[in-house]
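Here are the chains, one letter per residue:
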Amino acid sequence: MKAVLILYFLYFLHWNEDTSTSIYHAFSSLCYFTPILGAAIADSWLGKFKTIIYLSLVYVLGHVIKSLGALPILGGQVVHTVLSLVGLSLIALGTGGIKPCVAAFGGDQFEEKHAEERTRYFSVFYLSINAGSLISTFITPMLRGDVQCFGEDCYALAFGVPGLLMVIALVVFAMGSKIYNKPPPEGNIVAQVFKCIWFAISNRFKNRSGDIPKRQHWLDWAAEKYPKQLIMDVKALTRVLFLYIPLPMFWALLDQQGSRWTLQAIRMNGNLGFFVLQPDQMQVLNPLLVLIFIPLFDFVIYRLVSKCGINFSSLRKMAVGMILACLAFAVAAAVEIKINEMTPAQPGPQEVFLQVLNLADDEVKVTVVGNENDSLLIESIKSFQKTPQYSKLHLKTKSQNFHFHLKYHNLSLYTEHSVQEMNWYSLVIREDGNSISSMMVKDTESKTTNGMTTVRFVNTLHKGVNISLSKDTSLNVGEDYGVSAYRTVQRGEYPAVHCRTEDKNFSLNLGLLDFGAAYLFVITNNTNQGLQAWKTEDIPANKMSIAWQLPQYALVTAGEVMFSVTGLEFSYSQAPSSMKSVLQAAWLLTIAVGNIIVLVVAQFSGLVQWAEFILFSCLLLVICLIFSIMGYYYVPVKTEDMQGPGDKQISHIQGNMINLETKKTKL
């Protein structure tokens, strides 16, 4: 569902890029805060099975409300926004609530004597997650873009299908209720840890008198209330949690694949020759490369490094993963700069952009005269000549009248038109009997298509024309040089667009309408060739191929494999078995905090996009240096040193979490 979420905010709710990014990451952050709530409900109250059932129903309800919020016919902007935010909140509660339960409940079905089968189950479980991500990231954008609902992209279908599949999954899961092993709630270890830490701090504060002897460790102040084994376990846990402090910055970069990188992709050309890729489909590279890189790193790269005699410890792998993510964002910044170079310039304050469209049958000389009779522009425009670009005109004030001197054959005409700063205009020159006349057309409000393909029409016929751009999209253009508004269409070939007047049906060949372009079509009646459309580009198509995003995706995914898989494996090996679920909660919290960092930067930095990418890259580089220093002074603990006699038996839940993460590299 998240694959199309940023485009839904941008195109359907019409939020700007910064607001869309902020809400996207607020939602992502909430999805990683709610697992703590889900774990507490499962461990202290309902147990895993009932938690999965009940919160999956909340999950489905969220998708239903989200789909309703994506129906254009249901209310206006406010209704859509409210339904969307309510739906996203319920989805975050549902997905977060079941996140800590699903894998562990599967592990609960195996007894200790079936440890090998349980290991195989977790490998299949992780494979299923990535396979699902791979398929859905590819198909959901197709449901959005290839299917039209009410003349627009079908976001309701893109949100509804995952919800429907969740219903099917829930029914299949519930059908096995009678054969499942359902361990009762065993108490919430996360809550115990927090209580132990809080008691130690408060007890130390109460006994701060100099007469009271000091204790070896600040957590020893919890000895009055909590058992020694728990205090020892929490001590080991805090050593690992200290290393978690720099981690959110990595997630801040990694999770921008679905937001900032997708927004970058909409300004690129998705035509790969053999296949046309939608901007939101580019995210499919991440799960695909994860499935390729995990065995590649485990069986090839790490072994080669080991044979070279290099001690490539877990903390070093994580530091290298951070550096790879830094490089990925440096590459993303370079791509962004290149895109900006190819993007048409924007008019600044006291500036307008003007193009002249000569629809007369012969050449016209145009002179633009300012308020002080100074010639601002002199051009000779041939009949139906395609102007390569807009001309920039400077204004004395925010709005100004321009005088136009038109020379056509032996005629000289003077006309006046008003313009306002920071806008684009088209001066349309048309035949008027034996003479000519002109009209000023204000082009699209924001002269950027946000990656969408847009078209508009000028109708030179004496009758109005209805144009059917697709099954659900049509527009009417008035007679005698009527000008339509811009309409968004799907990228593709349009060899025969059906049109009709009150007494005639005909087809127009619009040719290829490419990514990011804005086209103007002039419908003319040529004596020799009949009715046809003269085509010109108001905004050129995206020139930079979307394939240029491949290096940044490869770098960040390699960084993810080295950082994420290794990080969990390392931290699990350094903490007592009783603390595995607390570590899982803390790990998810670092992801949540990382998303909050993106939200804050997107909302308050005010930087242009390439500079924001550089900022994130530099911030992570600084964090990487800090993490490397912390890791240098960290003394790894051997597992047998941490485990007391009572720790040898690892509980089902804890063992499951270990297997789920450490077996990632063995896939």
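Since this is a predicted model, take the numbers as computed values, not measurements.

K.L.:
Before we move on, can you summarise the overall build of the protein chain with the specific residues and values?
P.N.:
On a plain count of helices and strands, the protein chain comes out with 17 helices and 21 strands. Overall size of the protein chain, expressed as C-alpha extent along the three principal axes, is 105 × 55 × 55 Å. Relative to its full complement of 667 residues, the protein chain shows a buried share of 52%. Total accessible area on the protein chain stands at roughly 30800 Å², and carbon and sulfur atoms take up 60% of it. Across the protein chain, the mean location of the 53 positive side-chain charges is 10 Å away from that of the 50 negative side-chain charges.

K.L.:
Lay out the packing of aromatic side chains with the relevant residues and their values.
P.N.:
Scanning the model with the defined rule gives 35 aromatic pairs in all. Taken together, the ring pairs in this structure connect Tyr8, Phe9, Phe12, Trp15, Tyr155 and Phe159 into an aromatic cluster. The aromatic ring of Phe49 is capped on one face by Lys182, whose charged end is 4.1 Å from the ring centroid. Above the face of the Trp221 ring, Arg215 is positioned so that its terminal group lies 4.1 Å from the ring centre.

K.L.:
Tell me what's going on with the sheet that holds strand β6 (residues 391-394), and back it up with residues and numbers.
P.N.:
Read across the open sheet, the four strands follow the order β6-β3-β9-β10; overall the sheet is mixed. Looking at strand neighbours, the two that pair on one side only are β6 and β10 (435-442), the edges of this open sheet. Going across the sheet, the axis of each strand differs from the next one's by a mean of 30°, ignoring polarity. Bridging between strand β3 (residues 351-358) and strand β9 (residues 423-432) involves seven bridges; their strand directions are parallel. The partner of Leu357 across the bridge, within β9, is Val428.

K.L.:
Explain the nonpolar core to me, and be specific about the residues and the numbers.
P.N.:
Counting 115 residues, the largest nonpolar core has Leu5 and Tyr8 as the members making the most contacts within it. Examining the composition of this core, we find that 13 residues originate from one element, helix α12 (residues 314-342), more than from any other. Residue contacts for Tyr8: discarding those within four places in its chain leaves Leu13, Lys66, Gly69, Ala70, His80, Ser84, Tyr155 and Phe159. Counting residues in each nonpolar core, the second largest holds 23 residues, with Phe457, Val489, Phe521 and Leu531 among its members.

Quick notes on the rules
Residues numbered from 1 in each chain as written. Predicted model: local features only at pLDDT ≥ 70, side-chain atom pairs only at ≥ 80, totals over all residues. Heavy atoms only, no water. Helix = DSSP H or I, 4+ residues; strand = E, 2+ residues; numbered from the N terminus. Buried < 20%, exposed > 50% of the residue type's maximum accessible area, 1.4 Å probe, protein only. Areas by Shrake-Rupley, 256 points an atom, 1.4 Å probe, with all protein chains shown as cover. Lys, Arg positive; Asp, Glu negative; His and termini not counted. Charge placed at Lys NZ, Arg CZ, Asp CG, Glu CD. Phe/Tyr/Trp six-rings, centres within 6.5 Å; stacked < 30°, edge-to-face > 60°. Lys NZ or Arg CZ within 6 Å of the ring centre and 35° of its normal. Pairing = 2+ DSSP bridges. Axes fitted to C-alpha atoms, helices over the stretch in contact; angles between N-to-C directions. Core = buried A, V, L, I, M, F, W, Y, C linked by side-chain atoms within 4.5 Å. Contact = heavy atoms within 4.5 Å.

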